[in-house]
Amino acid sequence: MGNSLFANCCRHVTDLIFQTRSCNSPDERSPLLPKAPTSCTVCPEVPEAAQCAGPYPDIIPSEMVTRSHQKCTKYIRDLSEAKGKEGMVPVCGKSCLGPGAGTAGLLQQAEASCAVSALPADLGEGPAGLVDHAQLLEACQSSVKLEDSSLAHRSCGREKHVAAADGGNASPGARPAGQGHSKGRAAWWSDTARAGPDGVTKDRGTGPSPWSPRTPSSALPASAGKPTAAPETAVLLFPHGEVSSKAQDTSTGFVVTDPTARPSTFDPDSQAQALPSKQHQQKKKRKKKKPTLLEHPGVALMNGSSPHEGLRGDKDTRQNGHEETDPGEDGNDQEVIVIQDTGFTVKICAPGIEPFSLQVSPQEMVQEIHQVLMDREDTCHRTCFSLQLEGNVLDNFAELKTIEGLQEGSLLKVVEEPYTVREARIHVRHIRDLLKSLDPSDAFNGVDCNSLSFLSVFTEGDLGDSGKRKKKGTEMDQIDCTPPEHILPGSKERPLCALQPQNRDWKPLQCLKVLTMSSWNPPPGNRKMHGDLMYLYVITVEDRHVSITASTRGFYLNQSTAYNFNPKPANPSFLSHSLVELLNQISPTFKKNFSALQKKRVQRHPFERIATPFQVYSWTAPQVEHAMDCVRAEDAYTSRLGYEEHIPGQTRDWNEELQTTRELPRKNLPERLLRERAIFKVHSDFTAAATRGAMAVIDGNVMAINPSEETKMQMFIWNNIFFSLGFDVRDHYKDFGGDVAAYVAPTNDLNGVRTYNAVDVEGLYTLGTVVVDYRGYRVTAQSIIPGILEREQEQSVIYGSIDFGKTVVSHPKYLELLEKTSRPLKIQKHRVLNDKNEEVELCSSVECKGIIGNDGRHYILDLLRTFPPDLNFLPVEGEEMPEECRKMGFPKQHRHKLCCLRQELVDAFVEHRYLLFMKLAALQLMQQKANKQESSGALENGTSPENGAADSEKSESEDGKIDDNVTGLDQVKELAETIASDDGAVDPKSREVIRNACKAVGSISNTSFDIRFNPDIFSPGVRFPESSKEEVQDQKQLLKDAAAFLLSCQIPGLVKDCLDHTVLPMDGATLAEAMHQRGINMRYLGKVINFITKTPGRAQLDHIFKIGISELITRSAKHIFKTYLQGVELSGLSAAISHFLNCFLSSFPNPIAHLPADELVSKKKNKKRRNRNLGNADNTAWASMTPQELWKNICSEAKNYFDFSLECENADQAAEVYNLQKITLLREISLKTGVQILLTEYNFDNRHKPTFTEEDILNIFPVVKHVNPKASDAFHFFQSGQAKVQQGFLKEGCELINEALNLFNNVYGAMHVEICACLRLLARLNYIMGDYSEALSNQQKAVLMSERVLGIEHPNTIQEYMHLALYCFANSQLSTALNLLYRARYLMLLVFGEDHPEMALLDNNIGLVLHGVMEYDLSLRFLENALAISSKYHGSKSLKVALSHHLVARVYESKAEFRSALQHEKEGYTIYKNQLGEHHEKTKESSEYLKYLTQQAVALQRTMNEIYKNGSNANIMPLKFTAPSMASVLEQLNIINGILFIPLSQKDLENLKAEVQRRQQLQESIKSSEQLEPEDKAGEENEAEPRMPSAEIPLTQSSA
């Protein structure tokens, strides 16, 4: 790479990455134009909660992560040390990892001594990057996702991410099968939210990220400046203030930074200048052979081996890069010196305010101090100033440590600078942002990545991190506990308005009536020469109209009026350097309100203000007045309409940006962080730009590149993005289903792009792809391959086929690149015939095209058939489907022939086959063993092998020695590995065993397990050569097996998980996610529902059935709505949508559509007006739709598409037959179609007038699908943390998760679903470890983030609210806890209704808190409802129900109704006795409580008798009425939420330590034996390895 080119690349990339998003949207200006920069510096006076991000969404609070956890200097701490001091050890048997939970025990065997299960691969560069996988595998054979061959695990960890990429194997947060809190398992937080971190991230189509400026600032120059940066360097980033302030612990090489130091940030503008100079410095450094420094506060650098020595042992040191240094590198460069970064304080002196001090760090740039000042309450109105030290102006892009004379206590002066037009514009924009900072209208309108959050309404600002909590709620009498009527159990009301409670802050304090650009702009020449830059027009609240001149010296009043131009200064002119100062002088109201507004602004939680990475749209919004806004108007009419986007200097070259970021180096952690961050940033910007472009295309605001063709066939280019419509343009998809196929192709293609991106092969490039559904049309937006527009497609395609397999070409370079993806994607290399009957070799489907762009990169596109076809929906003549499929009515003709299996299904199928392979081989080995013994032992006539097998099995089961079987599996593994390594030493019999097993499972190799699919099988038009006939036959069989596997394993598996409540969907989206995670496509929804109806425990699946039916109805309605909307022109849109919703949901029998008002139709009808509309000619056809017709269509759509017969003819019947809520259906259809409706109460059941009017339809938003780039290293840390927590190592788990949080922040910025999962887990750990206030603070962040990123009523948000309520209660904020629980219950009623297993948990929580505040009657209503729901969903004999009975009994006891209390406790006792036996402690507890109740009842009866007998002079014994103590309520809350604390005696602890040590010795002995005698390994290891059932594993046993 030439130097100049390299410098260009670097500049380009860094500009991309650090381009801040000021208020213009992300893609308007070229990245090279400077923008208003931002920073995340924090001013000491502001409480942490308010470290504010102001209008600049990039500003990120430095305390993203918790402060209280001091970093432990070692990751790995002996269990005995960690736990010895704590008397209580919390137990975590139930993981947040999902189905893997059961393997906690197994994992422990493999990992008792190796603490981190998967460190980022580079902590030991080299192939065995992830901790020795062989052990892991042996331990978790049954549950770990396996790659195709047992060897794959040893290959580089890179391939690991493939499966994870799409949330593939992430499992929803496991809810264990055992029902109670007491079934011999330690419950660990019933977190039903999809906690598998990948699960969380299912793409909800949301846009550009607040770019967290927290990269290790040094990482950039170090890695960009020299690609060969020390390879073994690993960087750990600490959240500030989290590191203990002890100096650094030298033993491990961790840095300990000063907790007060602020993180340094990277400035966008500085980037271009900063880089070259830094590279230069770096070179100098290397010449002097000085060790490289990594210049970032809080970045610890250590040689990869040191801190993990304990865990990796010596044998891995060779991988730490010492041996593999680049020949060009000097050995000394490998040393790393750790710099201690101590912050210092400077004094700032700004005009008009008292000097104040500011904490800074030497690594910061001067620029960042600017940012802090622009965000501080008292200096926020300044934008155009410089900082001076002793009269010298400081360079904005200089780091503080390079400035001579700057030290502790220096005085920096803020000096006002003269304005330019650019500075004046920035100033006006900034002031406008400050005025709008509390206004939610951007969130309602879905612009600039704003979204809603309502948490602060319910906490009333109670949860401040400041620690000065209002003492609320501790005194009982203050609390008003009565919930609103509609929240009480049994209420049928579902009000919509409560969804968005009115936030007091939103009634914006009006500071000005109007602030806008004057029509006198731009200044004429002679005024320019007087220094006029532009003119503003302002109307103050007092109704004073003024004209203002912005000049180089500042702002002053001029004498112009609306109709007369007189630029002379008015008298007095009030010349002020800042617009705010000027307005303060002319308007008293402005002065008062502006300062109040800024006070409020800095008090808001930063998470309420930071922009989200992808746009989230709200489906409801209140009626908001439309206010004048000059900046918004200017944006809309200059950069946004599309005509300016053609100016070359202004647009971004998206393709170049997307591909350049992929090419960034990724050798070590800092490089990877930088790369992932750049990729994520560019993707989120590209998604936002593509979405805007797609809307402009459909709204008709973009000129087509082929304007003469028919509308459907038009293509568009806007802002360097290519847009095409989802129609079958040139009969391209004729054989595949025409327009229907053209409609699904883009999403299939997007899935392909997603998977290839996740495999991330160097040198193979995909296009940036976004699929947008808007107003009934599907638009695909793609980045443009350089040079593609100049050539015909035929010339440019050098790999693949442009006509579905007639002409096919191949290319060696493409084969080489695609071969690297073939293993992770399970794609088989195969040959096909072209039209000349020549054989062509491919490693993808035929329609995947390879094009070399003018930039020399190898692009692949049209990835719509990356995955094999789904034969259940592809009938092929002469092909017989397996029995399971035929039974369920397959194969079925689908609308198109592009049905593919999902990647998750392919992975699950391969894993299933792998287990089968191991079992078969083990069985055969045992047969051989048995035969050998027989033939050598006696002179019997050898029994036939079958009998031998049967005998050996029998004898085993009789002796109970199943160990042998496991030994068998290990021998197989051993064998497979030796054979694969082509070792001649294997005896032919064993080879035979492996060969047979391979054949039986359909492996493509004879010597090892390797299953791959040929995506071209059954592709119309593709022909295979004779030579591969047999192979094609095998492939066909494999596809049939996979189709059968989906029906016979995956669907029943899903239903079983729902029965166990391992999966708890609450709405359509979460159900779809659960199906997708198991590889079940939505087209199987009908089959899933049918399967549920036939399941024995049908009543316990009621909630799934309901969600399934409503999903089926709304999806069918969406299909109809799509074509319906295509016939509507823009002016009739709101009328058409309201008419459709009336037909869909209203009880009004014959709604009439209102056509657009007649007064707008011109008298002279222009007959010639060409129909610009993309739809059909008749634009009023939609008006004739009736409810009967619509519902008939919905039923037939459900039958045709989902193969399910709905029994309803209108909305009322549907609601009645299937017990659905109309409001839920409204939410589902609005989310699916992007419709936004007015927040008001809708009466669906009024038979006299329609429910919706056109005024109720506020907007229609796009529904966006895009790739979600992942932070792989952070994700590894997160998973390792979860694994540790499961094994009971809470402290280490906590540290790993903190680390993950840090890395996530580095890649994603402050807002992201994965960060949300991280915070939730951290909060839970804080809570378990007894740090309640920390738990509260983290969970508050999680709730805010969930509201902002997923939506205010998303099921995850409901879960987060529940957790937050528990932590509030623990912090004795009772009224807040109740408010949060009521909010969660309301959201749940709206999203689903009352009849849901999760509602039982929620009601138990509410009932317990009410019991705690002595609201007994209310408490009973909730607890009895919970009891009813639990009995229905868990069966009346379940332990959950027993617990419910006990809770109800306690309330009756408090009310002194002992008879009822006894009755409930007896029920509970019976269940415990039957389920757990008489001697179980639960049963004993219950029986004690029964005795106590009986005594109380008897005492009460005596007293009553006494009163009857003796009247008023009775001698009354005082009765004990117990108001529950807070501690006992909290204990019960913990139990129902699945958190158990096990008190351990000193003796228990000793035993535990001994056990752990014994394990470690075992582990070590195994390791040493492995190294000594690899041949005998299999046998020995299995004798030695402890094989305990998980119940025996310390720290996972339940107290129950």
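Residues numbered from 1 in each chain as written. Predicted model: local features only at pLDDT ≥ 70, side-chain atom pairs only at ≥ 80, totals over all residues. Heavy atoms only, no water.

A. Representation of the overall build of the protein within the structure. Assigned secondary structure in the protein consists of 49 helices and 27 strands. Each of the 1600 residues in the protein was classed as buried or not, and the buried ones make up 62%. Considering only intrachain contacts with a sequence separation of at least 6, the fraction spanning at least 24 residues in the protein is 75%. Entry remark: accessible area of the protein is about 60600 Å², with carbon and sulfur atoms responsible for 52%. (Helix = DSSP H or I, 4+ residues; strand = E, 2+ residues; numbered from the N terminus. Buried < 20%, exposed > 50% of the residue type's maximum accessible area, 1.4 Å probe, protein only. Contact = heavy atoms within 4.5 Å. Areas by Shrake-Rupley, 256 points an atom, 1.4 Å probe, with all protein chains shown as cover.)

B. Fine view of a nonpolar patch on the surface. Together, M1504, I1507 and Y1508 make up an exposed nonpolar region whose accessible area comes to about 310 Å². Considering the arrangement of structural elements, one finds M1504 in helix α46 (residues 1481–1510). (Patch = residues over 30% accessible without salt bridge, like charges linked within 9 Å, V, L, I, M, F, W, Y side chains within 5 Å. Salt bridge = Lys/Arg side-chain N within 4 Å of Asp/Glu carboxyl O.)

C. Focus on the environment of L863. Examined against the element boundaries, L863 turns out to sit in the loop between β23 (858–861) and α23 (883–887). Take L863: its relative accessible area is 2%, and that puts it in the buried class. Considering only alpha carbons, one finds L863 and Y756, 107 residues apart in sequence, at a separation of 9.0 Å. Once residues lying within four places of it in the same chain are set aside, the contact partners of L863 are N748, D749, G752, V753, Y756, T766 and C848.

D. Region of the structure containing helix α42 (residues 1397–1412). Taking 1.5 Å of rise per residue, the 16 residues of α42 would be expected to cover 22 Å, and the 23 Å separating its terminal C-alpha atoms lies within 8% of that figure. Across the 16 residues that make up α42, a large majority, 16, are buried. Positioned one or two residues after α42, M1414 has a phi angle of 65°, which is positive. (Expected span 1.5 Å × (residues − 1).)

E. Layout of the pairing of strand β4 (residues 344–349). Here β4 shows a clear split, with F344, V346 and I348 buried on one side and none of T345, K347 and C349 buried on the other. In this structure, β4 lies alongside strand β5 (residues 356–360), joined through five bridges in antiparallel fashion. From the neighbouring strand, F344 faces β5, where its bridge partner is V360. Between β4 and β5, which pair antiparallel one after the other, the connecting turn spans six residues, and G352 there sits at a positive phi close to 85°. Summarising the sheet, β4 and strand β8 (residues 411–416) pair through three bridges and their orientation is parallel. (Pairing = 2+ DSSP bridges.)

F. Broad picture of the nonpolar core. Counting 256 residues, the largest nonpolar core has F1144 and L1206 as the members making the most contacts within it. Residues contacting F1144, with those up to four places away along its chain left out, are I1113, T1114, A1117, L1190, W1191, I1194, A1211 and I1229. Counting residues in hydrophobic clusters, the runner-up holds 28 residues, among them L434, A550, L579 and V580. (Core = buried A, V, L, I, M, F, W, Y, C linked by side-chain atoms within 4.5 Å.)

G. Structural context of helix α41 (residues 1374–1391). With 18 residues, α41 extends 26 Å from end C-alpha to end C-alpha; this agrees with the ideal 26 Å at 1.5 Å per step. In the segment just after α41, G1393 is the residue with positive phi, at about 125°.

H. Quick peek at the side chain of Q659. The topology assignment puts Q659 in helix α18 (residues 654–663). Among residues more than four places away in sequence, those in contact with Q659 are Y765, T766, L767, R857 and Y859.

I. Region of interest: the sheet that holds strand β25 (residues 1257–1260). Pairing in this open sheet of three strands is mixed, and the strands run β13-β24-β25 from one edge to the other. The sheet terminates laterally at β13 (620–621) and β25, the two strands that pair on one side only. With two bridges connecting them, β13 and strand β24 (residues 1235–1238) associate as parallel partners. Along β24, the bridge assignment pairs A621 with L1238. This element, helix α32 (residues 1133–1145), spans β24 and β25 of the sheet and lies at about 105° to β25. (Axes fitted to C-alpha atoms, helices over the stretch in contact; angles between N-to-C directions.)

J. Seen up close, the packing of aromatic side chains. Enumeration over the complete set of coordinates arrives at 38 aromatic pairs. Ring centres of F1121 and Y1124 lie 6.2 Å apart, and the angle between their planes is 25°; on these two criteria the pair is classed as stacked. One end of the pair, F1121, and the other, Y1124, are both in helix α31 (residues 1102–1126), three residues apart, so they sit about a helical turn from each other. Comparing F1121 with Y1124, the two get one shared label, buried. Ring pairing ties together the aromatic residues F1121, Y1124, F1140, F1144, W1182 and W1191, which thus form one cluster. One cation-aromatic arrangement involves K1106 over F1392; the distance from NZ or CZ to the ring centre is 4.5 Å. (Phe/Tyr/Trp six-rings, centres within 6.5 Å; stacked < 30°, edge-to-face > 60°. Lys NZ or Arg CZ within 6 Å of the ring centre and 35° of its normal.)

K. Region of interest: the confidence of the model for the protein. In the predicted model, the protein carries a mean pLDDT of 75, and the fraction of residues at 70 or more is 68%. Note that residues 16–340 has pLDDT below 50 and, in this model, 925 contacts with residues that lie over four places away or in other chains. pLDDT under 50 marks residues 465–477. Its contacts with residues more than four places away, or in other chains, come to 27 contacts. (pLDDT = per-residue confidence, 0-100.)

L. Spatial organisation of the side chain of T1095. Inspection of the secondary structure assignment puts T1095 in the loop between α30 (1085–1094) and α31. The contacts of T1095, once residues within four sequence positions are left out, are V1055, L1059 and L1101.

M. Broad picture of unusual backbone geometry. Of note, the amide linkage connecting N571 to P572 takes the cis form, showing an omega dihedral of -5°. Locating P572 in the fold gives a position in the loop between β12 (554–558) and α15 (579–586). Between F890 and P891 the backbone carries a cis peptide bond, its omega angle lying at 0°. Phi at D448 takes a positive value of approximately 50°, unusual for a residue other than glycine. Inspection of the secondary structure assignment puts D448 in the loop between α12 (441–445) and α13 (455–459). We classify D448 as partly exposed; its relative accessible area is 24%. Of note, the phi angle at M1414 is positive, near 65°, even though the residue is not glycine.

N. Examining the pattern of salt bridges more closely. For the coordinates displayed, the defined rule picks out 69 salt bridges. Across the salt bridge formed by K813 and E816, the nearest N and O atoms sit 3.8 Å from each other. Residue K813 and its partner E816 are both found in helix α22 (residues 812–825); the two are separated by three residues, about one turn of the helix. Across the pair E847 and R865 runs a salt bridge, and its minimum N-O distance is 3.4 Å.

O. Up close: the pairing of strand β18 (residues 777–783). Counted residue by residue, β18 has seven buried out of seven residues, so it is predominantly covered. The alternating pattern of β18 places Y777, V779, A781 and S783 on one face and R778, T780 and Q782 on the opposite face, and all of these are buried. For strand β15 (residues 721–725) and β18, the ladder comprises five bridges, and the chain directions are antiparallel. Counterpart to I721 in the pairing with β18 is S783.

P. Representation of the sheet that holds strand β11 (residues 545–551). Spatially, β9-β10-β11-β12 is the arrangement adopted by the four strands of the open sheet, whose pairing is antiparallel. Of all strands in the sheet, those with a lone pairing partner are β9 (512–517) and β12, marking the two edges. Here the average twist between neighbouring strands, direction ignored, is 30°. Here helix α11 (residues 421–435) sits on the sheet and contacts β9, β10 (532–540), β11 and β12; the angle it forms with β10, its principal contact strand, is near 20°.

Q. Quick look at the packing of helix α37 (residues 1290–1308) against helix α38 (residues 1313–1328). Across the interface, α37 lies against α38 with an axial gap of 10 Å and an inter-helix angle of 155°. Between α37 and α38, the angle falls in the class roughly antiparallel. Our pair here, α37 against α38, has a crossing hand that is left-handed. Packed against α37, whose contacting residues are L1290, G1293, C1294, I1297, N1298, A1300, L1301, F1304, N1305 and Y1308, the element α38 presents E1314, I1315, C1318, L1319, L1321, L1322, L1325, N1326 and I1328 at the interface. Looking at side-chain class alone, the contact of α37 with α38 contains 14 nonpolar, four polar and one charged residues. (Parallel < 35°, antiparallel > 145°, perpendicular 65-115°, else oblique. Left-handed = near helix turned anticlockwise from the far one by under 90°. Nonpolar A, V, L, I, M, F, W, Y, C, P; charged D, E, K, R; others polar.)

R. Examining the environment of D543 more closely. The topology assignment puts D543 in the loop between β10 and β11. Distance from D543 to K513, taken between C-alpha atoms, is 7.7 Å for residues 30 residues apart in sequence.

S. How the structure looks around the packing of α42 against helix α47 (residues 1526–1536). Their axes nearest at 9 Å, the elements α42 and α47 cross at an angle of 175°. Put simply, α42 runs roughly antiparallel to α47. Residues L1401, N1404, N1405, L1408, V1409 and G1412 of α42 touch α47, and the partners they reach there are M1526, V1529, Q1532, L1533 and I1536. In terms of residue class, the contact of α42 with α47 is made up of seven nonpolar, four polar and no charged.

T. Region of interest: the environment of R991. If you trace the backbone, R991 turns up in helix α27 (residues 988–1001). Residue class for R991 comes out partly exposed when judged on its relative accessible area of 26%. When the C-alpha atoms of R991 and T1007 are compared, they prove to be 7.4 Å apart, with 16 residues separating the residues in sequence.

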